[in-house]
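# Tertiary structure, described
Residues per chain, in single letters:
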Amino acid sequence: MILSSGFSRRALIALGSAAALLAPALVQAQAQTVKIGLILPMTGPFASTGRQIEAAAKLYMAQKGATVAGKTIELIVKDDTGTPDVTRRIAQELLVNDKVSFLAGFGLTPLAFAVAPLATQSKTPLIVMAAATSSITEQSPFVVRTSFTLPQVTIGIADWAAKNGVKKAMTLVSDYGPGIDAEKAFKDRLTAAGGEVVGEVRIPLRNPDFSPFLQRVADTKPDALFVFVPSGAGSQFMKQFVERGLDKSGVRLIATGDVTDDDIVDSMGDVALGTITTHHYSAAHPSAENKAFVEAFRKAANTRPNFMAVGGWDGMHLIYEALKKTNGATDGTALVEAMKGMAWTSPRGPISIDAKTRDIVQNVYVRKVEKVDGQLYNVEFSTFEAVPDPVKAAK
Amino acid sequence: MAKTLPAAVVVETQAAAEPLSPAAFLVAKSAWRWPEILFWLSAFGLILLLPNRHLLLNEIAILGLFALSLDLILGYAGIVSLGHAAFFGVGAYAAGLLAKHGISEPVTGLVLSGAIAGCVGLLTSFMILRGTDLTRLMVTLGVALILHELANRLDWLTGGADGLLGVSVGPILRRFDFDFAGTTAYVYSLTTAFLLFLLARRIVHSPFGLSLKALKDNRLRAATIGIAPNRRIVAIYTLAAVYAGMAGALLTQTTQFVSLEVLDFARSADALLVLVIGGSGYLYGGLIGAIAFKLMKDTLSAMTPAYWIFWMGFILVILVLIGRDRLMAALARPFAPLLRRLGARRS
């Protein structure tokens, strides 16, 4: 009896101490996880943006492992359908319920605008992987961008046009933040170089029908037509451009890379051949990093990565590297500090985060649509090196 | 659509059992039943019970109020609208602009936004007096499209496609600040929805409400027994616009952001869908439908972020094919004895 009672007492003590040990272990396990809330439009008209970024982020985690500085990374993907109030609610729920340490994604400008105040209030880094209006990074000191800004990629094509004999140009842009940014940047740059913008056309963002606007272009007969439409709307534009016979009218088509996006350029057919664009990423970028990236992406997602995917990839890289720098600490202010000034070689080439503006500095390439191995690609032939966002640089 | 007996038939059957004066009939009709009390008690109970889902609950309350406002014209006056988001959007932008330009107290903003949406409702109501259902469908759709394009073009005022920035909403009644978990937001939206519901309930159970139902059943016949249709339709359409505007204002105030999506066709369609799920013509349809719709959306999109719309559509098709009434009857059958004991009546 005595033995058994002694035994049970010992068992009890053991059990108690085990529980005492276990409790903090559980708490620690929770503190060992760093959660990233990835909010993307996975359905609706901008679903391709969401799928590219999601695939790239998952690929990054699969390649680099889910552990950084002793912490386990957990990625939570949510669909916001491209509606700002939903984005905001999801972001708020991720912050309150899931206690995420990073908010990332944001397919469109208004979606990022809606969430920026939350980032400030909760001191959470907000990584913009897609949206491209210049002013987004000014909405909160916690916004860091790994995509691009429209003016950044637009001034290159304006310079190229001025050098290649374009005197009179027309602009055709989607009527929202990035489009207006692009229109202004192109006009300012071309005018400064001695050219002239003879007509400006803005088309609605939703359900665009280009033909009436293209008629105006055909009537004006400029040397070149500069186009910006968001990723995805490019193929429809190209189709109507040809239907109106503009490809044979001597009007040169120049654009930002969104129009001949890697996602859709091959399905445009030969009409796209020879289109000159400037952008920060092409799947045909000749570097070892890019080759490996494109190959792995193809294997994982069964499609060609586009500039959205590379934005997602670099966003994840930024998060990983910042966590390494802070040794796994998830204090938002320290993380943003760690991100400032960071530089690395991405599949798109050398990039860095401007310490002052938290915006990306990157090479912008001039490309021409050409056939490579039977598929259409944007082949880079000239480079503007380390371009910052010109709007914020001018301030 | 919920089957509701024409008012006259109800009067007859009840008169056969026990003769009721018209006033007593109206009083009996508007008596509170226990499921209603239970519904609102649990809605308010969720403030304490589900503290980490307040943001979703807030969205449900707002969508419920919006659908309720559509129910007022669809279920009671028989006006099918595909552009109800017009008033939602006007209210949302009004609240946003008021908050941006000085009037940051939410309740004041809410009332003013409702009034502004009501004015737009009053002005557009004259366009739906004539014509058949199809004409009205087109007119309401057109009004919403025009407002959407206006909001897009007037970017100096509305921010265009980028949305209205700089909406800062103060504490409610200068006392209750909006918190991060959305508790204040939910309490605020739910209280507003409840008060507006009480008013709607009072109105549809009044002689005015009954006359609307008569109009819905047969406008010509109602006119021959002395019910003037036009004034009544203008009145209820305006009221519905006020409700929708307030729902929009709630969305702006609780998210502190407005964008073109508040005027989207999808928003009008959502409200109709909610009424298809919940049933129209008994006021609770919008609220119950909103709960079912949002919960379905939330659960499905959490499970498959990319393919949830397929499942959503699938469930809706099943729901319509089988029929809501049959589905509900099948669900309620095991509880029938209990329900009878508690004296429930089918509404």
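Rules used in this analysis
- Residues numbered from 1 in each chain as written.
- Chains lettered and ligands numbered in written order.
- Predicted model: local features only at pLDDT ≥ 70, side-chain atom pairs only at ≥ 80, totals over all residues.
- Heavy atoms only, no water.
- pLDDT = per-residue confidence, 0-100.
- Contact = heavy atoms within 4.5 Å.
- Core = buried A, V, L, I, M, F, W, Y, C linked by side-chain atoms within 4.5 Å.
- Buried < 20%, exposed > 50% of the residue type's maximum accessible area, 1.4 Å probe, protein only.
- 1 Å grid on protein atoms, 1.4 Å probe; cavity = no way out; pocket = protein on both sides within 12 Å on 5 of 7 lines; lining within 4 Å.
- Points joined across faces, edges and corners; volume = space filled by probe spheres on them.
- Nonpolar A, V, L, I, M, F, W, Y, C, P; charged D, E, K, R; others polar.
- Domains from an automatic or database assignment.
- Helix = DSSP H or I, 4+ residues; strand = E, 2+ residues; numbered from the N terminus.
- Pairing = 2+ DSSP bridges.
- Buried area = accessible area lost by both parts, 1.4 Å probe.
- Salt bridge = Lys/Arg side-chain N within 4 Å of Asp/Glu carboxyl O.

The next subject is the confidence of the model for chain A. All names here are of chain A. Overall, the prediction assigns chain A a mean pLDDT of 89, with 92% of residues at 70 or greater. For the stretch residues 1–7, pLDDT sits under 50, and the model shows zero contacts to residues farther than four places along the chain or on other chains. Every residue in residues 21–28 scores below 50 in pLDDT, and together they form zero contacts with partners more than four places removed in sequence or on other chains.

Take the nonpolar core next. Buried together is how nonpolar side chains tend to be arranged in soluble globular proteins. Counting 196 residues, the largest nonpolar core has L38, L103, F186, I254 and M316 of chain A together with L72 of chain B as the members making the most contacts within it. In terms of nonpolar packing, the next biggest core, distinct from the first, is built from 26 residues, F241, V265, A272 and V369 of chain A among them.

Our next topic: empty space enclosed by the protein. Taken as a whole and judged by the stated rule, the model has four cavities of 30 Å³ or more. In this structure, the largest cavity spans a volume of roughly 140 Å³. Among the residues forming the lining of the largest cavity, the class breakdown is 13 nonpolar, four polar and one charged. Counting residues domain by domain, the lining of the largest cavity receives three or more from each of domain 1 (33–148 + 286–358) and domain 2 (151–279 + 364–393) of chain A. The computed volume of the second largest cavity comes to approximately 70 Å³. If you go around the second largest cavity, the residues you meet are D85, R88, R89 and Q92 of chain A together with L55, N58, E59, I62, L251, T254 and T255 of chain B. The set of elements that each furnish at least two residues to the lining of the second largest cavity consists of helix 3 (84–96) of chain A together with helix 4 (54–74) and helix 12 (229–255) of chain B. Of the residues contributing to the lining of the second largest cavity, the split by class is three nonpolar, four polar and four charged.

Residues and elements named next belong to chain A. Along strand 12 (residues 343–346), the buried face is formed by W344 and S346; none of A343 and T345, which line the opposite face, is buried. With four bridges connecting them, strand 12 and strand 13 (residues 349–353) associate as antiparallel partners. The residue of strand 13 that forms the bridge with S346 is G349. Between the end of strand 12 and the start of strand 13, which pair antiparallel, lie two residues.

Tallying the contact residues gives 34 residues for chain A and 28 residues for chain B. Carbon and sulfur atoms supply 55% of the area that chain A and chain B bury against each other, a total of about 2,700 Å² over both sides. At the boundary of chain A with chain B, the tally comes to five salt bridges. Of all the secondary structure elements, the ones that give two or more residues to the side of chain A that touches chain B are strand 3 (71–79), helix 3, helix 4 (109–122) and helix 6 (177–192) of chain A. Among the elements that take part in the side of chain A that touches chain B, helix 3 of chain A stands out by supplying nine residues, more than any other. Taken together, the residues that form the side of chain A that touches chain B break down as 14 nonpolar, 11 polar and nine charged.

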